[in-house]
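# Residue-level structural notes
Chain residues, written in single-letter form:
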Amino acid sequence: MNAPTEFARAVCPHDCPDTCAMRVTVEKGRAVKVSGDPDHPPTQGVLCTKVTRYAERVHHPKRLTQPMKRVGRKGEGHFEPISWDEACRIAAERLGEIGQRAPEAILPYSYAGTMGLVQGDSIAQRFFHKLGASRLERAICAAAGAAGLRYTFGSSLGMLTEYFAESEVILIWGANPIASNLHFWTRAQEAKRNGAKLIAIDPYRSLTAEKCHQHIALKPGTDGALALGMMHVLITEDRLDHDYIAAHTHGFDALKARALTYTPARVAGICGIEEQVVVDLARLYASTRKAAIRMNYGLQRVRGGGNAVRAIACLPALTGAWRERAGGVLLSSSGWAPVDANALQRPDLIPGWPQHQPRIVNMNQIGDALTHTGDAAFGPKVEAIVVYNSNPVAVAPESAKVAAGFAREDLFTIVLEQFQTDTADYADLLLPATTQLEHLDVHKSYGHTHVMANLPAISPVGEARPNTEIFRSIARAMGLTEPALFESDEDVAAHAFDWSDPALGGADWAALKREGWLKLNIAEAPFANGGFRTPTGKCEFHSEVLAKAGLDPLPDYLPPHESADGSPELAARYPLAMISPPARNFLNSTFVNVESLRATEGEPHVDLHPADAAHREIADGDEVRVFNDRGSMRARARVTDRARSGLVVGLSIWWKKLAPDGRNANEVTSQALTDLGGSATFYDCLVEVERA
Ligand SMILES: Nc1nc2c(c(=O)[nH]1)N[C@H]1C(S)=C(S)[C@@H](COP(=O)(O)OP(=O)(O)OC[C@H]3O[C@@H](n4cnc5c(=O)[nH]c(N)nc54)[C@H](O)[C@@H]3O)O[C@H]1N2
Ligand SMILES: Nc1nc2c(c(=O)[nH]1)N[C@H]1C(S)=C(S)[C@@H](COP(=O)(O)OP(=O)(O)OC[C@H]3O[C@@H](n4cnc5c(=O)[nH]c(N)nc54)[C@H](O)[C@@H]3O)O[C@H]1N2
Ligand code: SF4
Ligand SMILES: [Mo]
């Protein structure tokens, strides 16, 4: 299957559903070219623009290549090089001392700089578990949606991407695949050429929405209501698959009673759209079983995000779309891969586990956590933070608080990074990490159903080390002897999956390494005959698990925290809803420092509707100030009807220090959480805009 190697085989490590297979051309020890593997079915030989530039990033002149310690004041970003021995000695001394006295005062902070299971979640977790450190709730992105799927299907499961090409109707819901899920877009276009109708549901006319047949520009955070309104039409017009409902769902009568309260007229009012749009959408959706929904995470970054995903996830079971491989819904496919999280992360290493459970800090509230002085409820003040695979000073909400926390002189901060990010500026110890071309890893995907192996293509640049090796080095310097901390990357990778799971078809790590990827065995129409992974084995419209937790067992619409319905007083002062979804040429805050990509994005912009601009005497191209009680940022106004009225859109996530005013959209976003899953609410944010 795979050609012999004049190239090395790698996997795109980024937090993107596509998890592309890459070919790396190496000359004299340098990666000179990275391209999409034509043999890998999901990749089809194509990488996105950003990652085509991966070699430029790997050999970028500003790569961190030596361990460094802080010389100036916190946050100034002045460092001097030291040896690895010295760096590990300092880290071991401080973490050792704090760990003896108050282990929970140590907090790891990480997210998806790499999606690799080895460099992401393995030795690092084992290390912090062994110390008894605080645990991090990794909920900055997808936790509300994951919870919505878990309560409805039992896990993050959905339609197989390839069959969207055969769908007749595709709802692209809270998703902007041209920017953030390119290989799905290819399938959607295939379907479009075959006559499928594409509908975007998005408050903003995104790059994707403008290429669909219809764009439904609802108010942000109102998707749950729209889904319930669709159900109202499906039920009152009897466009239901009664057999599927009887055999494979749980709680239809209760759901029906709930949905009947969401008349199209009521829903139209909540969503800010025409009543007929709700009716027509439901009718179109029910017109074929080859009706597919591609949700994405954009719709769940609001208070009601978990419920909205749950409501939408119920739709294919009502119409029986699951009977077709080209019908159903996909938000994440990650639950199909039999990852052995316990083997990777070893929670059993926690002293006193499971009776003793160290506290959990939600990463979305890192601003509050780092500025908390400690009390009985919170536990000890955070004295040390170790950041890897993340750039919280740029990406976490309510940035002023985050920066204030990191600026604490009494906080010991270690940052493992490839570049000197906004967060790295606050480090006491800044440790150089390898990139995907320099280390070994193993991947699942949340957009397709292959598992993949990434083998190093080049030696580490400078003195950079893989995350795993950095934690092993610190553990050694601390005198720890737990064997699990010193397992090789290869051994960790070999145990990343439960190889006895039938989805892996009897393969093993050696086979995965040899082949580069393996397609999981999953039925083409995975829920045609039920088989959901919930307690009832059915698609749970009504969830006993939620009921037992004292939560609403049925999906519902919850108004955003910050909206005229949710907080009228706030809405009177800050009438505009701001969303800050990803810019096409950045990947979260990664790539912002690659000059060619930053040049394409230009400078920070905010898009606002002509009526909202006129009202504020703002002209296209004016410099504006976006603000609320939490903070402010400056940007260049683009006056455009891409943004529906009442909406402000600031494509993100800029490095603060590369923005003209040293700020980004997270100055105004809030630390409030979603209904389910404790997720971030980046798109639940009221602001005002004025000419600067
Ligand atoms: N180029 C690029 N690709 C990326 C990323 C990147 O930064 N850049 N980030 C990666 C990551 S980490 C993730 S999580 C995904 C994110 O990508 P997606 O999951 O697609 O999510 P977003 O881009 O946050 O939002 C998608 C769309 O939802 C819209 N939206 C915002 N609020 C609402 C709402 O309340 N309702 C509805 N219906 N729509 C809403 C936005 O306007 C946006 O057009 O992409 C990944 N891929
Ligand atoms: N306003 C606003 N804020 C948002 C969002 C939004 O849409 N709007 N999106 C949110 C979402 S969906 C997400 S997922 C988060 C993303 O937040 P993060 O996961 O923090 O993502 P990045 O900003 O890409 O930062 C990842 C960092 O990891 C580093 N890195 C990559 N590989 C490695 C490695 O192997 N080792 C080490 N040590 N470092 C590595 C990269 O250099 C990069 O600086 O941001 C969230 N923040
Ligand atoms: S960021 Fe996504 S689309 Fe781009 S190469 Fe990586 S996996 Fe593929
Ligand atoms: Mo994300």
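Residues numbered from 1 in each chain as written. Chains lettered and ligands numbered in written order. Predicted model: local features only at pLDDT ≥ 70, side-chain atom pairs only at ≥ 80, totals over all residues. Heavy atoms only, no water.

### Side note on the overall build of the protein
Helix and strand content of the protein: 25 helices and 27 strands. Relative to the 2.2 N^0.38 estimate, which gives 26 Å for 692 residues, the radius of gyration of the protein is 25 Å and therefore close to what a compact globule would have. Summarising its shape, the C-alpha atoms of the protein cover approximately 70 × 65 × 55 Å along the three principal directions. Going through the 692 residues of the protein one by one, you find that 63% of them count as buried. Sequence separation of 24 or more characterises 76% of the internal contacts of the protein that already satisfy a separation of 6 or more. (Helix = DSSP H or I, 4+ residues; strand = E, 2+ residues; numbered from the N terminus. Rg over C-alpha atoms; globule rule 2.2 N^0.38 Å. Buried < 20%, exposed > 50% of the residue type's maximum accessible area, 1.4 Å probe, protein only. Contact = heavy atoms within 4.5 Å.)

### Regarding the pairing of strand β17 (residues 429-432)
Residues L429 and L431 of β17 are buried on one face, and the alternating residues L430 and P432, pointing to the opposite face, are buried as well. Here strand β16 (residues 412-417) pairs with β17 via four bridges, running parallel. Directly across from L416, in β17, lies its bridge partner L431. (Pairing = 2+ DSSP bridges.)

### Some remarks on the site of ligand 1
Around ligand 1 lies a shell of 32 residues, among which D202, D223, F586, N588 and Y683 are the nearest. Note that a nitrogen atom of ligand 1 is positioned 3.0 Å from one of the backbone N or O atoms of I201. At 2.8 Å from an oxygen atom of ligand 1 is found a side-chain nitrogen or oxygen belonging to N296. Considering only residue class, the shell around ligand 1 consists of 18 nonpolar, eight polar and six charged. Summarising the domain contributions, the shell around ligand 1 has at least three residues from each of domain 2 (159-331 + 526-548) and domain 3 (568-691). (Near = heavy atom within 4 Å. Polar contact = N/O pair within 3.5 Å; in protein donor to acceptor, adjacent residues only side chain to side chain. Nonpolar A, V, L, I, M, F, W, Y, C, P; charged D, E, K, R; others polar. Domains from an automatic or database assignment.)

### Focus on helix α6 (residues 143-153)
The buried count for α6 comes to nine of 11 residues, which makes it a mostly enclosed element. Regarding α6, the residues found buried are A143, A144, G145, A147, G148, L149, Y151, T152 and F153. The secondary structure elements touched by the buried residues of α6 are α14 (305-319), β13 (328-330), β21 (539-540) and α22 (544-548). One or two steps after α6, the chain reaches G154, where phi turns positive at roughly 100 degrees.

### Description of α14
In an α-helix, one full turn covers 3.6 residues, which means residues spaced three or four apart are oriented alike. With 15 of its 15 residues buried, α14 lies for the most part within the structure. Among the residues trailing α14, G320 stands out with phi positive, at a value near 75 degrees.

### Notes on the side chain of S206
You can see S206 is positioned in the loop between β9 (197-201) and β10 (214-216). Judged by its relative accessible area of 3%, S206 falls in the buried class. There is a polar contact of 3.0 Å between the side chain of S206 and the backbone nitrogen of A209. Those residues in contact with S206 that sit more than four places away from it in its chain are N176 and R642.

### Let's talk about the sheet that holds strand β19 (residues 450-454)
Here three strands make up an open sheet; going across it, the order is β18-β19-β20 and the pairing antiparallel. Of all strands in the sheet, those with a lone pairing partner are β18 (441-443) and β20 (517-519), marking the two edges. Going from strand to strand, the sheet's axes swing by 10 degrees on average, the running direction of each strand aside. Bridge count for β18 against β19 is three bridges, and the pairing is antiparallel. When the sheet's bridge partners are listed, D441 is paired in β19 with N454. (Axes fitted to C-alpha atoms, helices over the stretch in contact; angles between N-to-C directions.)

### Section: the pattern of salt bridges
This structure, assessed with the given rule, holds 43 salt bridges. Close ionic contact of R625 with E690 constitutes a salt bridge, the shortest N to O distance being 2.7 Å. In this pair, R625 sits in strand β24 (residues 623-628) while E690 sits in strand β27 (residues 686-691), placing the two residues 65 residues apart along the sequence. Judged by its relative accessible area of 26%, R625 falls in the partly exposed class. The exposure class of E690 is partly exposed, given its relative accessible area of 34%. Counted as one network, the salt bridges with shared partners bring together R70, K74, E409 and D428. (Salt bridge = Lys/Arg side-chain N within 4 Å of Asp/Glu carboxyl O.)

### A closer look at the domain arrangement of the protein
What the domain assignment lists for the protein is domain 1 (68-138 + 337-519), domain 2 (159-331 + 526-548) and domain 3 (568-691). Each of domain 1 and domain 2 has a C-alpha centre, and these two points are 36 Å apart. In this assembly, five residues from domain 1 lie in contact with seven residues from domain 2. The contact between domain 1 and domain 2 buries some 360 Å² in all, and 45% of this surface belongs to carbon and sulfur atoms. Viewed at the interface, domain 2 and domain 1 are joined by one salt bridge. A salt bridge links K519 to E162, with the shortest nitrogen-to-oxygen separation between them at 3.2 Å. In this assembly, domain 1 and domain 2 are joined by two residue pairs in polar contact (both at pLDDT 80 or more). Split by residue class, the side of domain 1 that touches domain 2 holds one nonpolar, three polar and one charged. (Buried area = accessible area lost by both parts, 1.4 Å probe.)

### A look at the site of ligand 2
Lining the immediate surroundings of ligand 2 are 30 residues, of which S390, E417, S580, S589 and T590 lie closest. For ligand 2, an oxygen atom lies 2.5 Å from a polar atom in the side chain of S589. Contact between ligand 2 and N666: a nitrogen atom at 2.9 Å from a side-chain N or O atom of the residue. Considered on its own, ligand 2 offers 920 Å² of accessible surface; in the complex 97% of this is hidden by protein. Each of domain 1 (68-138 + 337-519) and domain 3 (568-691) accounts for three or more of the residues forming the shell around ligand 2. (Areas by Shrake-Rupley, 256 points an atom, 1.4 Å probe, with all protein chains shown as cover.)

### Quick word on the packing of helix α9 (residues 223-236) against helix α11 (residues 252-259)
What describes two packed helices is the angle between their axes and the distance between those same axes. Close contact between α9 and α11 brings their axes to 9 Å; oriented N to C, the two are set at 110 degrees. Relative to α11, the element α9 lies roughly perpendicular. The segment α9 lies against α11, with L228, M231, H232 and I235 engaging F252, L255, K256, R258 and A259. (Parallel < 35°, antiparallel > 145°, perpendicular 65-115°, else oblique.)

### A closer look at the packing of α6 against α14
One way to put it is that α6 packs onto α14 with a least axis distance of 7 Å and a crossing angle of 40 degrees. It follows that α6 is oblique to α14 by the angle criterion. The interaxial crossing formed by α6 with α14 has right-handed handedness. Counted together, A144, G145, G148, L149, Y151, T152 and F153 of α6 and G305, G306, V309, R310, A313 and C314 of α14 form the full contact between these two elements. Along the lines of polarity and charge, the residues of the contact of α6 with α14 split into seven nonpolar, five polar and one charged. (Left-handed = near helix turned anticlockwise from the far one by under 90°.)

### A word on the packing of aromatic side chains
Under the criterion given, the structure shown has 17 aromatic pairs. Between F586 and W654 the ring centres are 5.2 Å apart and the planes differ by 90 degrees, which places this aromatic pair in the edge-to-face class. A residue pair is termed long-range when its members are at least 10 positions apart, and F586 in the loop between β22 (576-579) and α24 (595-601) and W654 in the loop between β26 (647-649) and β27 qualify at 68 residues. Each member of the pair, F586 as well as W654, carries the same accessibility label: buried. Positioned above the aromatic ring of F591 is the side chain of R57, whose terminal nitrogen or guanidinium carbon lies 5.6 Å from the ring centre. The ring of F627 has R625 lying over it, and the distance from NZ or CZ to the ring centre is 4.4 Å. (Phe/Tyr/Trp six-rings, centres within 6.5 Å; stacked < 30°, edge-to-face > 60°. Lys NZ or Arg CZ within 6 Å of the ring centre and 35° of its normal.)

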